[in-house]
Structures are given as C-alpha cells and as structure tokens.
Amino acid sequence: MNIMEAKQSWIEKGYVDEPIPEGIDLCAEIRKMCKEKNAVILAHYYTDGAVQDIADFVGDSLALAQWSAKTDADIIVMCGVHFMGETNKILCPGKKVLVLDLGAGCSLADSCKAEDLAAFKAEHPGYKVVSYVNTTADVKALTDVVVTSSNAKLVIDSFPADEKLIFGPDKNLGGYINAVTGRNMLLWDGGCHVHGQFSLEKILAIKAEHPEAKVLVHPECPAPIQKIADVIGSTAGLLNFAIKSQATEFIVATESGILHEMTKACPDKTFIPAPPEMSETMGCSCNECAFMKLNTLPKLYNTLKYEWPEIKVAPEVAEKAIKPIDRMLEISKNLKSAMASK
Ligand code: 13P
Ligand code: SF4
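Residues numbered from 1 in each chain as written. Chains lettered and ligands numbered in written order. Predicted model: local features only at pLDDT ≥ 70, side-chain atom pairs only at ≥ 80, totals over all residues. Heavy atoms only, no water.

**Quick word on the sheet that holds strand β6 (residues 145-147)**
Ordered in space as β6-β5-β7-β8, the four strands form an open sheet in which the pairing is parallel. In the strand order of this sheet, the two ends are held by β6 and β8 (186-187), each with one partner. Pairing of strand β5 (residues 128-132) with strand β7 (residues 165-168) involves four bridges; the strand directions are parallel. Following the sheet pairing, V129 is matched in β7 by I166. (Pairing = 2+ DSSP bridges. Helix = DSSP H or I, 4+ residues; strand = E, 2+ residues; numbered from the N terminus.)

Next comes the structure, spelled out in structure tokens:
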C-alpha cells in the first residue's frame, strides 16, 4: 500500500491503522516521542488502565479542561472522547490537539444536536442555556455557560434564583441539580447509554451482601440509583470520597474504568462495579463506555508518530464556544478536582 492509500484507509477508519514495528518497547517509544515533540498526554479515568498509566495527567472532565488551559506543550494528545479534544482545541487554538480515534464519540453529546437546541432556544425566549461539557463545539457555541459534573451546582448557584434556565443534555444530572438547588430548570431529554444501564435491583442485591459498602454514584445515573447513593459526584469526586472514607468496600455506579485509579489509590479497599441490567443475558460489558475503550496504546503510538487524527474546530464556532467554557473555568478556578497527575 502506498502512502496515499494508507492515508485513505486511516480516514475511512478514523485512526492510524499502521502495524506497530516488531520488538519495540511501546511505552518507552511513546514517552520518547512525547519528549521529542513536546507533547503531553491527557487521559480520562474511563480509558484503559494502560492508557491512564502512560498519561502525563489523568482526571475528570473539569481537571482535563483546567490542565489543557495551562499546558505549555506544543501538542496535546487527548485520550478520551471527541468532545474532550474539541474542548482542548477551543482552549488552546494555537496548539495541535490529537485524539486516538475519531470514532470515539459520546452518546450523551449525540443526544443534543445544535440545530435542535437552536430551535428550542427560539421557543423559549428569555432563557439562559447551561450545557454539560459532554456536548459538541456547535452546541457550546449556543450556550451561556458550560458545566461539568464537578462544578454544576457551583455554576448554577452563580445565577440569580429567578433566572430562567435551560439545562442540557443530561436529564439525570439536570434533575439532580434541580433537586439540590431547588430550581426548576427546563431539562433536555438526553442521557448516557452507559449510566442509563445500571440495575437498581442488582445494586441492592450486592448491598444486601455487603451492608457496610458505600454506594458511589455518578450524577449521569437515573434518579432511583441516585436515591440509594452515599455520595453523588464526578469521577474525581467519587475517587476522592473513596480515598478519604473510613469504609473498606464500595459499590461503584459509573463507568468501570475508574476502578483502575481507585484500586491504585486504595490498594487495601474493595471496589465492586455496579452491574448493568443486561449483563447476564447479553454477555455484554454495558458498564464500559465502548467509545472510551477505543483508546489503546498502539493507537497512541501511531497518533503521536503521524500526528493524526487532529481535532479542528471552525474559528467562528470556537470564538463563540470559548466564552461559556471560560466562564465555567472562571467560576471554578478555586475548585480543585481530585487528580492523579504524575
Ligand atoms: P466526569 O469525569 O467529569 O465525571 O465525566 C464523566 C463522563 O461521563 C465523561 O464522559
Ligand atoms: Fe459519553 Fe457516557 Fe461514554 Fe461518558 S460514559 S463518554 S457520557 S457515552
């Protein structure tokens, strides 16, 4: 295959599918390229343990945005999903932002199309729009302020009590924020396919067997799961709770990749992943985000080597989308997410 054919195949697949040279030390080569190219690797807690271990920074969505805003690297390699790469690019327009696979999307971001949000806004004049970070750059460009699960309450509290708000796209996070703030924000009807799958019945059965276990719940989970939580928080918030807690057992209702850092940080504690509804019948791993799991070490090697796939955001979109992201970062500048930097 010549180079033109090879590139065509990358474009079709959304990632560089070149074979890894035999006998190389993959991790050493990745770190070497980072040094030579002044590149930094960021990873979300839901990626594979091997990807988290080689990253310069691992964190929740807020921490990843905070880090990308202040890095002096020339290249940011975002091991996560597409909207995270877009957020990095919007924050750092002069840097090259790479992802490992353009197919790593997000069902939650997909549940809110910019044209639908624009129509909804037009139907609700006088409302401000609050968007979860799990949205496309086009949606952020229509937004007044962005939030993550770490800072959603803080950001919403910054609005006057009578401000009319549209919150999207995650209806579970929105419902949780309505409950804890006493507001009545209009909620977009979107959700995450992973967090929507957890089985209340199965979690309660595990809890019956482990009565001392604390139940850790991400706010993207539906309300009945939130109701039985000992703590509701972002990935970093849940990790932080587990580190500080006197308890020794935890049932974890979020994507199972977080167990890697939890187990590393608390080797003497037991973490039980909350099971999804369909696990026995389908033989699936529905508590895994298939998009996050598209991030692998061979793809990381090839992404760094060929500096592709690169995230591009149209300047006119970035110019609008930066404002609600900056507003979020300003409101949360004193909020430090739990982090596992190296
Ligand atoms: P946080 O890491 O901010 O909790 O976000 C979770 C998530 O769903 C990322 O897609
Ligand atoms: Fe999106 Fe859900 Fe995957 Fe998070 S876990 S990236 S919200 S699909």
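Let us keep going from here.
**Details of the packing of aromatic side chains**
Aromatic ring pairs are described here by two measures, namely the spacing of the ring centres and the angle between the planes. Under the defined criterion, the tally for this structure stands at five aromatic pairs. Taking the centre distance of 4.7 Å and the plane angle of 15 degrees together, the rings of F57 and W67 count as stacked. Of this pair, F57 sits in strand β2 (residues 57-59) while W67 is found in helix α4 (residues 61-70), placing the two residues ten residues apart along the sequence. Ring centres 5.1 Å apart and planes at 15 degrees place the aromatic pair F250 and F271 in the stacked group. In this pair, F250 sits in strand β11 (residues 249-253) while F271 sits in strand β12 (residues 270-273), placing the two residues 21 residues apart along the sequence. For the residue pair F250 and F271, the accessibility class agrees, reading buried in each case. Aromatic ring contacts, followed pair by pair, group W10, Y306 and W308 into a single cluster. Lying over the aromatic face of Y15, K299 brings its terminal NZ or CZ to 4.4 Å of the ring centre. (Phe/Tyr/Trp six-rings, centres within 6.5 Å; stacked < 30°, edge-to-face > 60°. Buried < 20%, exposed > 50% of the residue type's maximum accessible area, 1.4 Å probe, protein only. Lys NZ or Arg CZ within 6 Å of the ring centre and 35° of its normal.)

**Notes on the site of ligand 2**
Taken together, Y46, V81, C106, S107, L108, N134, C192, H193, E220, C289 and M292 make up all the residues around ligand 2. The cavity where ligand 2 resides is the largest cavity. For the shell around ligand 2, a count of residues per class yields seven nonpolar, three polar and one charged. (Near = heavy atom within 4 Å. 1 Å grid on protein atoms, 1.4 Å probe; cavity = no way out; pocket = protein on both sides within 12 Å on 5 of 7 lines; lining within 4 Å. Sits in = over half its atoms within 2 Å of the grid points. Nonpolar A, V, L, I, M, F, W, Y, C, P; charged D, E, K, R; others polar.)

**Notes on the side chain of T143**
Along the polypeptide, T143 turns up in the loop between α8 (137-140) and β6. Given the relative accessible area of 8%, T143 is considered buried. Side chain to side chain, T143 and S131 meet in a polar contact 2.7 Å long. (Polar contact = N/O pair within 3.5 Å; in protein donor to acceptor, adjacent residues only side chain to side chain.)

**Some thoughts on unusual backbone geometry**
If a residue is not glycine, its phi is most likely negative; likewise, a peptide bond is most likely trans. Geometrically, the link from G168 to P169 is a cis peptide bond, its omega value of -5 degrees lying close to zero. In this fold, P169 is placed in the loop between β7 and α10 (171-181). Of the consecutive residues W308 and P309, the connecting peptide bond is found in the cis state with omega at 5 degrees. Along the chain, P309 turns up in the loop between α16 (297-306) and α17 (315-331). One non-glycine residue, E307, lies in positive phi territory at about 50 degrees. Mapped onto the elements of the fold, E307 is located in the loop between α16 and α17. Judged by relative accessible area, E307 falls into the partly exposed class, the value being 22%.

**Comments concerning empty space enclosed by the protein**
Scanning the entire structure with this criterion turns up three cavities of 30 Å³ or more. Roughly 230 Å³ of volume is contained in the largest cavity. Contributing to the lining of the largest cavity are 25 residues, with Y46, C106, N134, E220 and M292 lying nearest its centre. Here the residues of the lining of the largest cavity are counted per class, giving twelve nonpolar, ten polar and three charged. Each pocket or cavity is described by its volume, and for the second largest cavity that value is around 50 Å³. Along the walls of the second largest cavity sit S61, L64, A65, F83, M84, T87, N88 and V133, which together make up its complete lining. (Points joined across faces, edges and corners; volume = space filled by probe spheres on them.)

**Considering the pairing of strand β3 (residues 75-79)**
In summary, the side chains of a regular strand alternate between the two faces of the sheet. In terms of residue burial, β3 counts as a mostly covered element, since five of its five residues are buried. Covered by surrounding structure in β3 are I75, V77 and C79 together with I76 and M78, the residues of both alternating faces. Here five bridges tie strand β1 (residues 39-44) to β3, and the two strands are oriented parallel to one another. Looking at the pairing, A43 lines up with C79 of β3. Alignment of β3 against strand β4 (residues 96-99), held across four bridges, turns out to be parallel. Across the sheet, I76 pairs through a bridge with V97, a residue of β4. Taking the sense of rotation as the criterion, the β-α-β connection linking β3, helix α5 (residues 82-91) and β4 turns out right-handed. (Right-handed = clockwise from strand over helix to strand, strands pointing away.)

**Observations concerning the pattern of salt bridges**
As enumerated under the stated definition, the model contains 13 salt bridges in all. Two residues, E330 and K333, come together in a salt bridge whose shortest N-O distance is 2.5 Å. Accessibility expressed as a relative area gives 53% for K333, which makes it exposed. (Salt bridge = Lys/Arg side-chain N within 4 Å of Asp/Glu carboxyl O.)

**Describing the site of ligand 1**
Surrounding ligand 1, one finds H44, Y46, D60, S61, M84, Y132, N134, S149, H218, E220, S234 and T235. S149 is positioned with one of its side-chain polar atoms (N or O) 3.0 Å from an oxygen atom of ligand 1. Side-chain polar atom of H218 to an oxygen atom of ligand 1: 2.7 Å apart, as the coordinates give it. Protein contact buries 96% of the 300 Å² of open area that ligand 1 shows by itself. For the shell around ligand 1, the residue count by class is three nonpolar, seven polar and two charged. (Areas by Shrake-Rupley, 256 points an atom, 1.4 Å probe, with all protein chains shown as cover.)

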